[in-house]
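# Residue-level structural notes
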Amino acid sequence: SWRLHLKKTKQSWVDSVWDAEFVDAEPLGPALEENTSGKGTDVFRQVYKRLLPFSSDEQGNNVWMVLGESGIPIKTLVAVLSYYILGGKSTTATVEQRLKALQAASVYLLLLKVPGSVANQVFHQVLFEASIEIILKCWPKESGKKRKKETAKSSQGDARCGKRAKPARKDQEEMDLDEDDEEDHEGEMFFSAQDLVKLRNEIETLVKTLLGFLKTFSLKDRPQSVENCIRVGGHGLSLRIIIIKIIHYKEAALPVLKILLQHICHQMVEKTEYRTHGAQAVSRLLAKVPNTEYATFIKWLFAYSIKTKVAYRMFALDVAMALLEQSERDPDSLVPAELGTFLTHRFLVQNLLFGRRSDISPTVRAHALHCLSRCLELDSPNTTKCVQELFSASKCLIQRTQSLFGKILVITDAFAFNTAQETMGVLKRRVSDSKTNVRKAAIEVTSLLKHSVIMCSEENLTLLSERCRDPAVSVKKKALQCLTDLLVACPDRSLVQVAWLRGVIVVVVDSESSVQEKALECLDMVIIEHIKARRTFEDTAQKLAWDLLELLCDQCRDLSRYFSKAFILWSQQKKFTSSFVNSLITHTKSSHSTPAWMLLSKVAGSCPSLHYETILDGWEKMIASKKMDVNTSCHIMSVMGDVASHLNEDTRHRVIGMIHSENLNKHCGELVSICESYLSSVILNERGAENLNEDMVVKHLYTLGTASLHCPSQVGKRVFLLVQSVLTSSVELLTGWGPEGTKELPATQPLSQFKPTSMPTVVRAQAVATLGKLCLQHENLANRCVPAFARELEVGQELAVRSNVVVVLCDLCVRYTNTVTRYIPNISACLRDPEGSIREKALIMLTNLLQEEFVKWKDSLFFRYVAVLVDPDPEIASLCEYCLLDRLLKKNPLMFSQHFIECIFHFNSYNNHKKYNKFPQTDGEKARFSLKGAQNKVKRFKIYKFLLEHFTDEQRFNTTSRISKEVLAGFVDGELPLDADGAELLADTFDVLSLREMKLSSMTAQDGADEPQDEQAAVVKVIQKKLVSQVQKKNFIENVIPIVIALKSMLEEERSPVLRHLMGYLQVTTQDYRNELKEVFAADEQLAAELEFNLRLYEQHQQEEPLTSFILSKTDEAPASVVRRHHLYYCSTQHSPAVFSQHLNLMYLTKKGEITGEKKL
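Residues numbered from 1 in each chain as written. Predicted model: local features only at pLDDT ≥ 70, side-chain atom pairs only at ≥ 80, totals over all residues. Heavy atoms only, no water.

## Examining the overall build of the protein chain
What the protein chain contains, in helices and strands, is 54 helices and 2 strands. Looking at the 1161 residues of the protein chain, the share that counts as buried comes to 49%. Nonlocal contacts in the protein chain, meaning residues at least 24 apart in sequence, comprise 72% of its contacts between residues at least 6 apart. Total accessible area computed for the protein chain in this model is approximately 57300 Å², and 51% of it derives from carbon and sulfur atoms. (Helix = DSSP H or I, 4+ residues; strand = E, 2+ residues; numbered from the N terminus. Buried < 20%, exposed > 50% of the residue type's maximum accessible area, 1.4 Å probe, protein only. Contact = heavy atoms within 4.5 Å. Areas by Shrake-Rupley, 256 points an atom, 1.4 Å probe, with all protein chains shown as cover.)

Below is the structure:
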């Protein structure tokens, strides 16, 4: 047995190794171990030499014959080899054990190479992978780099002397030995130089055997084995061995190398880690080949990059990036002219990388853009120049490739990309791509801005800042980081500063917390960290921070509210200390005073202590100055408001007096006078309306309303009439009013409604808003105007005016609740307005009033509100659902159940009940909200179902009982007449009781749904369901059945079509009591029989309906039995009880056999 003594190996041991899938093996035994001890490596070397001749195709089948004649079982040989391979995987294995493992692995791979190995069941995936991974296990980590001085021990001694409990890490196994690694390996074995030489020689033999094996054996159907081969191939030692062979054999090794490179490419998987290692391996192998072979491979790589498989195109990009890290090759005389272009970096960048920018796969598109952005980070001037050419505004010669009859042709195209706009157009499309990873990668390409490859224009910067509000979180974060990097690289460019502010600050209010934190981090890094105490010299970062704050006070003032949100979040984190605020105060007297006061106004409220003297000095300077900037004044006043509680009482009173006298009354009073004069010149002048400037009138009306809120004492009655006259046609009342306003307004002057005037609609609409603001400060004016506002909602035709009236009335309801409450029906009537914008605004404003309890659910308000659920505009209907469920129902959980029964009366316009639907309504309002009639049944039941879906089981049970007592019993007792209106109401009632949403959820829950995991909980649930069923059954028998039976008799006498709805209700309800019908309907046995028959017929109808539809669609005629059953089912629901009873009796007699022959006919 070739000195391995395989015949002495026990068969039980061999079977145990195969059963364990070569993962573990029991000790081989002292006797067999001794045979290979000390001379084991020579034994395996001899086996390898003897197997080598049989590895060729000519001699392959002979080895299996020799082994068979020698009585050597193949399974035993493989088991013994696996034992030694596994022995070398331990980190504490000795040199001898590692050499045996490498030798055994070489023998196993050589045995696999022998033709017939598959047929003889030699290949096993686990053992094959262990054989190639042994390269990584046996070579010591950091060998030749870290040596113990003076205490280094040879590993040929006891294997346990260097053992430590530190597991080997996968990433360390895959790391190239040429790269420095700073991790500690104190627990590793240490080897002498002689040991390392032996191990290297054996690894070289194993790699050589593996390469030969891969040339003859296909791993196409074994992707895991391919991954391990690539991982081992990327190992530094394996690469060095292969490269040494290339250098040694030169041209003779190039065909094998070509096969290896193509094999790596074709067997590459999509995992990033393997692609990276594989690309580096390809790059290092190509570095040693001549120019001609290099260019030939690049040509093949381009063809490979346009294959249909995504993994191929991805790996081609990785290989191109790895090759770009190498120096560009210069063509020589040996390279054919048609291959010269493949040597340049330009081809890799502009054809291979940029050529995949519009790939059909979003993954490839994203990776191509990511690689393009990385090109600028490489230490290669040629690569940077190639990227710049793509975005150059001048014409450039771009070489594009075409595949023609399997050959790659290189064509010089002077017009492929002759302008930067074309390339930028591609980039803009990628930035707005539908796929998240593509947009993220395209944003990375915008890093070209900071390298001055792309011009920092407003359009390009806006493109980047808009991505900060991208729907995808990862894209938003990437945009924030790219903008910040660009700002740091170009701190002096104002366009970049504005783009950064508009991109970053707005994201502070983002709904995603991680994006919000990223925005706060950018703001802190760029602005807050560089606010230092005032000094003569400012570095670049400090200057940038103050430039940004200046922009926030001027050009980007609209971002102030978002910036304030950032300080609210920071104050919650207690970010600002007294030293920071005091450093900020030092800038209030410098050239940065405006942004300093702005920042101070945002942090003063959350700071424990301030230099109040400096703040008061700034306040007094502002009061004394006539040229103080308005924004600065506002910031100073805001700071004063924050520190007011820390000032003494005398100072506070003095400041408040100065504010009222010097600011509000003075400045706002001046504004009111200016607006009054202008409006008088327009309204009182006979020709003032001829050359009316709408914008100026609207601005003066708006300013008048806003200023009047701050100085109500400065507003005279003349102003009231001026504003009212914009809305009415009567201006005679103003005759005789002098400029001083000396005459009194008649106390009895009516203002019943606004009349049409010559004023444009936009002016009248603004006048409504201004008049509303005046009413907020003057109750008498409000009492006179509110009725006119309400009347305008009824008769007004101008959309903008009526829209503002809704807002004004709702605002006045907060201030004068009792006055406006009586006009809530006028506001709620707008929920059925022809204009969708009016309906939406009325819905929102009423929701706010209901939520704050300024308005109650009185009269018809609830029914008008829920009628919006069937609004013709789906968005308004959806908004109504949201308001009901998320805003109002949580505040009042009984709201739906309290109004449900009255909904049935209201939407059927039934007024004969003594209690329900008795609130006052005009005929016009009744017609507007009516859902009466069969044409509106779908809308009514959509409302019913929505309300019932959000009932609790208790509310469903109580509602069912109340309907029986208050509605059904009302018809039985004669309180409700059974006329046409009553019949519609009763039919609706029975259909509502038949709804699935009316059943208790505990009774309708499907089996297996929400089953409790605990056995005890499951038992409790079953008992609870049983108890609920018994209670419901008792209520049904005692309270519902007597009323239903009485009502059924009444309907039969009247021959009412409502009987069909009653029977339908009983069919649905009694399905739960199918086996107890006689007990339930003991008072009416005939009804029990009818229901039992109906239920059986209904089930047959449901089962045969698809078949009937199919038959009718094919032959237009159903079988007689099917038609007869459908006819009986129709009779049971449509015909009179007498006719139906005859059918029923005949069916039962026929079933019992009492009617036969002619009688049956």
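## Quick look at the environment of aspartate 359
Among the structural elements, aspartate 359 can be located in the loop between helix 16 (345-353) and helix 17 (362-375). Separated by 53 residues in sequence, aspartate 359 and isoleucine 306 have C-alpha atoms that sit 9.2 Å apart. At a separation of 2.5 Å, a polar atom in the side chain of aspartate 359 contacts the side chain of arginine 356. (Polar contact = N/O pair within 3.5 Å; in protein donor to acceptor, adjacent residues only side chain to side chain.)

## Here's the deal with the side chain of lysine 602
Along the polypeptide, lysine 602 turns up in helix 28 (residues 593-603). Residue lysine 602 is classed as buried on the basis of its relative accessible area of 16%. Discounting residues that sit within four places of it in the chain, lysine 602 has contacts with Ser560, Phe563, Ser564 and Phe567.

## Quick notes on unusual backbone geometry
Unlike most non-glycine residues, glutamate 853 shows phi in positive territory, near 65°. With respect to the helices and strands, glutamate 853 occurs in the loop between helix 39 (836-851) and helix 40 (861-866). A relative accessible area of 46% places glutamate 853 in the partly exposed class. In this structure, asparagine 917 is a non-glycine residue whose phi angle is positive, near 60°.

## So, the environment of isoleucine 827
The topology assignment puts isoleucine 827 in helix 38 (residues 824-828). Taking the C-alpha atoms as reference, isoleucine 827 lies 9.9 Å from phenylalanine 789; in sequence the two are 38 residues apart.

## Some remarks on helix 49 (residues 1058-1069)
Note on helix geometry: an α-helix contains 3.6 residues per turn, so any two residues three or four positions apart are oriented the same way. Between its terminal C-alpha atoms helix 49 stretches 17 Å, which fits the 16 Å expected from 12 residues at 1.5 Å a residue. Where burial is concerned, most of helix 49 is hidden: 9 out of the 12 residues are buried. Among the residues of helix 49, Val1058, Leu1059, His1061, Leu1062, Met1063, Tyr1065, Leu1066, Gln1067 and Thr1069 are the ones counted as buried. (Expected span 1.5 Å × (residues − 1).)

## A few points about the packing of helix 6 (residues 95-113) against helix 9 (residues 193-216)
Taken N-terminus to C-terminus, the directions of helix 6 and helix 9 make an angle of 15°; their axes are 9 Å apart at the nearest point. Accordingly, the angle class assigned to the pair helix 6 and helix 9 is roughly parallel. Like other packed secondary-structure pairs, helix 6 and helix 9 cross with a definite hand, here left-handed. Judged by residue contacts, Val95, Arg98, Leu99, Leu102, Gln103, Ala105, Ser106, Leu109, Leu110, Leu112 and Lys113 of helix 6 engage Asp195, Lys198, Leu199, Glu202, Ile203, Thr205, Leu206, Thr209, Leu210, Gly212, Phe213 and Thr216 from helix 9. Looking at side-chain class alone, the contact of helix 6 with helix 9 contains 12 nonpolar, 6 polar and 5 charged residues. (Axes fitted to C-alpha atoms, helices over the stretch in contact; angles between N-to-C directions. Parallel < 35°, antiparallel > 145°, perpendicular 65-115°, else oblique. Left-handed = near helix turned anticlockwise from the far one by under 90°. Nonpolar A, V, L, I, M, F, W, Y, C, P; charged D, E, K, R; others polar.)

## Observations concerning the side chain of arginine 430
By the secondary structure assignment, arginine 430 is in helix 19 (residues 420-431). In this structure, arginine 430 is in contact with Arg357, Ser358, Arg365, Leu369, Val438, Arg439 and Ala442, ignoring residues within four places of it in sequence.

## Observations concerning the pattern of salt bridges
Counting across every chain of the model gives 30 salt bridges. Note that arginine 356 and aspartate 359 form a salt bridge whose closest N and O atoms lie 2.5 Å from each other. Here arginine 356 and aspartate 359 have matching classes, each one buried. Close ionic contact of lysine 543 with aspartate 547 constitutes a salt bridge, the shortest N to O distance being 3.1 Å. With lysine 543 and aspartate 547 both in helix 25 (residues 540-553) and 4 residues apart, this pair spans about one turn of that helix. You can call lysine 543 partly exposed: its relative accessible area is 42%. (Salt bridge = Lys/Arg side-chain N within 4 Å of Asp/Glu carboxyl O.)

## Considerations on the packing of helix 27 (residues 578-585) against helix 28
Axes are the key here: two packed helices are described by the angle between their axes and the distance separating the axes. Relative orientation of the contacting elements helix 27 and helix 28 amounts to 150°, with a least axis distance of 9 Å. Viewed along their axes, helix 27 and helix 28 adopt a mutual orientation that is roughly antiparallel. With respect to the hand of their crossing, helix 27 and helix 28 are arranged in left-handed fashion. Together, Val581, Leu584 and Ile585 of helix 27 and Ala596, Leu599, Leu600 and Val603 of helix 28 make up the contact between the two elements. When the residues that make up the contact of helix 27 with helix 28 are grouped by side-chain class, the tally is 7 nonpolar, no polar and no charged.

## Comments concerning the nonpolar core
Counting 135 residues, the largest nonpolar core has Trp500 and Leu523 as the members making the most contacts within it. The element best represented in this core is helix 15 (residues 310-324), accounting for 11 residues. Apart from the residues within four sequence positions on either side, tryptophan 500 is in contact with Leu483, Thr484, Leu487, Ile505, Cys522, Leu523, Val526, Ile527 and Leu548. Counting residues in hydrophobic clusters, the runner-up holds 122 residues, among them Val806, Leu947, Leu985 and Phe990. (Core = buried A, V, L, I, M, F, W, Y, C linked by side-chain atoms within 4.5 Å.)

## Let's talk about the packing of aromatic side chains
Under the counting rule described, the total for this entry stands at 26 aromatic pairs. Between phenylalanine 896 and phenylalanine 946 the ring centres are 6.0 Å apart and the planes differ by 55°, which places this aromatic pair in the tilted class. Here phenylalanine 896, found in helix 42 (residues 895-907), pairs with phenylalanine 946, found in helix 44 (residues 937-949); they are 50 residues apart in sequence, far enough to count as distant. Judged by relative accessible area, phenylalanine 896 falls into the buried class, the value being 1%. Overall, the relative accessible area of 8% leaves phenylalanine 946 in the buried class. (Phe/Tyr/Trp six-rings, centres within 6.5 Å; stacked < 30°, edge-to-face > 60°.)

## A few points about the confidence of the model for the protein chain
Per-residue confidence for the protein chain gives a mean pLDDT of 76; residues scoring 70 or more make up 73%. Averaged pLDDT values for the elements of the protein chain fall to 37 in helix 54 (residues 1157-1160) and rise to 94 in helix 39. When the criterion is pLDDT under 50, residues 394-419 qualifies, and its contacts beyond four places in sequence or with other chains add up to 53 contacts. (pLDDT = per-residue confidence, 0-100.)

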